[in-house]
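Coordinates in review
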Amino acid sequence: MFLKKERVLLVLACVPLFFLNVHDAFSFGDDWAQYMQEGLNIAQGRPFYSSLWIYNNWNTDYAPANTPPGYPLLMAPVAYWFGFSIIHQVYLNILFCCLILFAGYYFFNRYLQKPAAFSLAVVLAYLPLIIDLKGHLLSDIPCTAFTLLYLALRVRSENRRLLFFAALGFLLSFTVLIRTQSVIIIFSELTMILLTLFRYGGRSVLFRKYLHDSVSIIISAVIFLLIWNMIIFPAPVSGLPFYINLYRVAIERGDVGTILGYNVQ
């Protein structure tokens, strides 16, 4: 747990974030309009995918039918109280940047001394890319924040009960709901199971412990994802064809590495 002095330093490190790249205007384009519309829909009790955007099944490379509802769900309370207000949504993103700083410190402190962990967390939160993205209504910032929160809790999961891993699965499912590419975390858990098996053998205590923890997280995440997508936020049209076509074109151009890196950044 954080000492009082460390908490104060982290809070102080967050303060400049509320003044850097804060504005009430926007460079129109990209996915921001869909996120904002879906946030308003959720706030007003309408289906999240409702909009005037007419999706063309025969031209899937323009934009997805709808964006994942995780970020709009986070935007919904702000939209409920302040309506179509860009500046208030930017301040919401700043809170996610603060979470990046706190979760980053908590994660790095698992492997580094406190001064080094604090320094790395500050550098991460103040990367030019982060400062630029926090002024845009895109899912990159909240996805980064929740991914770091997941990792910070995951690396400190020794001797935890099953309920803790179920909660981690819920957190992972919501991270995927924010940005679908976060599903790579599930594949990372599966990869670590295989690496632990090859290194320590199937009869080792360490392997059995890691197998139990990872499988518990994965099962929980899959169950919650099904609940999110089939019960809470069902959509008549999937955005999957857009991403399939995106990577198909990238493969044809030999540029899949760039597209993959851009979407998982």
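So, here's what we can say about the structure.

Criteria and thresholds
Residue positions are given per chain, counted from 1 along the sequence in the order it is written. Whole-chain, interface and lining totals are the exception, using all residues; otherwise, since this is a predicted model, local features are given only for residues with pLDDT of at least 70 and side-chain atom pairs are given and counted only at 80 or more. Side-chain metrics in this entry use all non-hydrogen atoms of the structure; hydrogen atoms and water are not considered. Secondary structure elements are taken from DSSP: a helix is a run of H or I of four residues or more, a strand is a run of E of two residues or more, and numbering for both begins at the N terminus. Relative accessibility decides the category of a residue: with a 1.4 Å probe and only protein chains considered, values under 20% of the type maximum give buried, values over 50% give exposed, and everything between is partly exposed. Note on definitions: a residue-residue contact is assigned when non-hydrogen atoms from the two residues lie within 4.5 Å. The term salt bridge refers to a side-chain nitrogen of Lys or Arg lying within 4 Å of a carboxyl oxygen of Asp or Glu. In this description, one arc is meant: the one made by directions from the helix axis to the C-beta atoms. Helix span, as expected, comes to 1.5 Å for every residue beyond the first. Only residues above 30% relative accessible area that lack a salt bridge enter a patch, with like-charged residues linked at up to 9 Å and the nonpolar side chains Val, Leu, Ile, Met, Phe, Trp and Tyr linked at up to 5 Å. To measure how exposed things are, a 1.4 Å probe is used in the Shrake-Rupley method; for residues, cover is taken only from the protein chains shown. Nonpolar cores were defined as sets of buried Ala, Val, Leu, Ile, Met, Phe, Trp, Tyr and Cys residues, with membership established by side-chain atoms within 4.5 Å. Axis geometry follows a simple rule: fit a line to the C-alpha atoms, using only the stretch in contact for helices, then measure angles between N-to-C directions, giving values from 0 to 180 degrees. The handedness criterion is simple: a crossing whose near helix is rotated anticlockwise from the far helix by less than a right angle is left-handed, and one whose near helix is rotated clockwise is right-handed. For this classification, Asp, Glu, Lys and Arg are treated as charged, while Ala, Val, Leu, Ile, Met, Phe, Trp, Tyr, Cys and Pro are nonpolar and the rest, including Gly, are polar. Here is the rule: rings of Phe, Tyr and Trp (six-membered ring for Trp) pair when centre to centre is within 6.5 Å. Planes less than 30 degrees apart are stacked, more than 60 are edge-to-face, and the remainder are tilted. Lysine and arginine charges are scored as sitting over a ring when NZ or CZ, respectively, is within 6 Å of the ring centre and within 35 degrees of the ring normal.

**So, the overall build of the protein**
Looking only at helices and strands, the protein features twelve helices and zero strands. Going from the N terminus to the C terminus, the protein shows its helices and strands as α-α-α-α-α-α-α-α-α-α-α-α. The buried share of the protein, taken over its 265 residues, is 45%. Restricting to contacts in the protein with at least 6 residues of sequence separation, those with at least 24 account for 74%.

**Structural notes on the side chain of Glu189**
Residue placement: Glu189 occurs in helix α9 (residues 184-200). By relative accessible area, which is 5% here, Glu189 ends up buried. Setting aside its immediate chain neighbours within four residues, Glu189 contacts Tyr150, Arg154, Tyr210, Ser214, Ile217 and Ile218.

**Remarks on the pattern of salt bridges**
Throughout the structure, instances matching the rule amount to four salt bridges. A salt bridge links Lys209 to Asp213; the nearest nitrogen and oxygen atoms lie 2.4 Å apart. On the criterion of helical spacing, the pair formed by Lys209 and Asp213 is a turn pair, its members being four residues apart in helix α10 (residues 205-232). Residue Asp213 is classed as buried on the basis of its relative accessible area of 5%.

**Here's the deal with helix α1 (residues 4-14)**
Within the sequence span of α1, burial applies to Glu6, Leu10, Ala13 and Cys14. What you see down the axis of α1 is that its buried residues fit within an arc of 105°, all on one side. Across α1 from its buried face, at more than 90 degrees, point the exposed residues Lys4, Lys5 and Leu12. Tucked inside the fold, the buried residues of α1 contact α4 (86-108) and α5 (114-125).

**Looking at the environment of Leu40**
As for its position among the elements, Leu40 is in helix α2 (residues 32-43). Taking relative accessible area as the criterion, Leu40 reaches 11% and is therefore assigned buried. Once the C-alpha coordinates of Leu40 and Tyr80 are considered, the two residues, 40 residues apart in sequence, prove to be 7.0 Å apart. Every residue in contact with Leu40, bar those within four places of it in the chain, is listed here: Ala79, Gly83 and Phe84.

**Topic: helix α7 (residues 140-154)**
For α7, spanning 15 residues, the distance from its first C-alpha to its last is 21 Å, which sits close to the expected 21 Å at 1.5 Å a residue. Of all 15 residues that make up α7, eleven are buried, and the element is covered over most of its length.

**Topic: a nonpolar patch on the surface**
A surface patch of nonpolar side chains, about 870 Å² in accessible area, is lined by Leu211, Val215, Ile219, Val222, Ile223, Leu226, Ile227, Met230, Ile231 and Ile232. Secondary-structure assignment places Ile227 in helix α10. Judged by relative accessible area, which is 30%, Ile227 ranks as partly exposed.

**With respect to the nonpolar core**
Core analysis: the biggest nonpolar cluster contains 64 residues, and Phe96, Leu137 and Leu172 have the highest contact counts within it. A total of 13 residues in this core trace back to one element, the largest contributor, which is α4.

**Let's talk about the packing of α2 against helix α3 (residues 70-82)**
Taken N-terminus to C-terminus, the directions of α2 and α3 make an angle of 65°; their axes are 7 Å apart at the nearest point. Between α2 and α3 the crossing geometry is right-handed. Contacts between α2 and α3 involve Tyr35, Met36, Glu38, Gly39, Leu40, Ile42 and Ala43 from the first element and Tyr71, Pro72, Leu73, Met75, Ala76, Ala79 and Tyr80 from the second. Taken together, the residues that form the contact of α2 with α3 break down as twelve nonpolar, one polar and one charged.

**Quick notes on the packing of aromatic side chains**
In total, this model carries 14 aromatic pairs according to the counting rule given. Where Phe107 meets Tyr111, the ring centres are 5.7 Å apart and the plane angle is 70°; that geometry is what we call edge-to-face. We classify Phe107 as buried; its relative accessible area is 18%. Through a chain of ring-to-ring contacts, three or more aromatic side chains come together here, namely Phe48, Tyr49, Phe96, Phe146, Phe170, Phe174, Phe224, Trp228 and Phe233. The lysine or arginine in question, Arg110, covers the ring of Tyr111, its NZ or CZ lying 5.8 Å from the ring centre. Here Arg160 stacks its cationic end above the ring of Phe164, 4.6 Å away from the centre of that ring.

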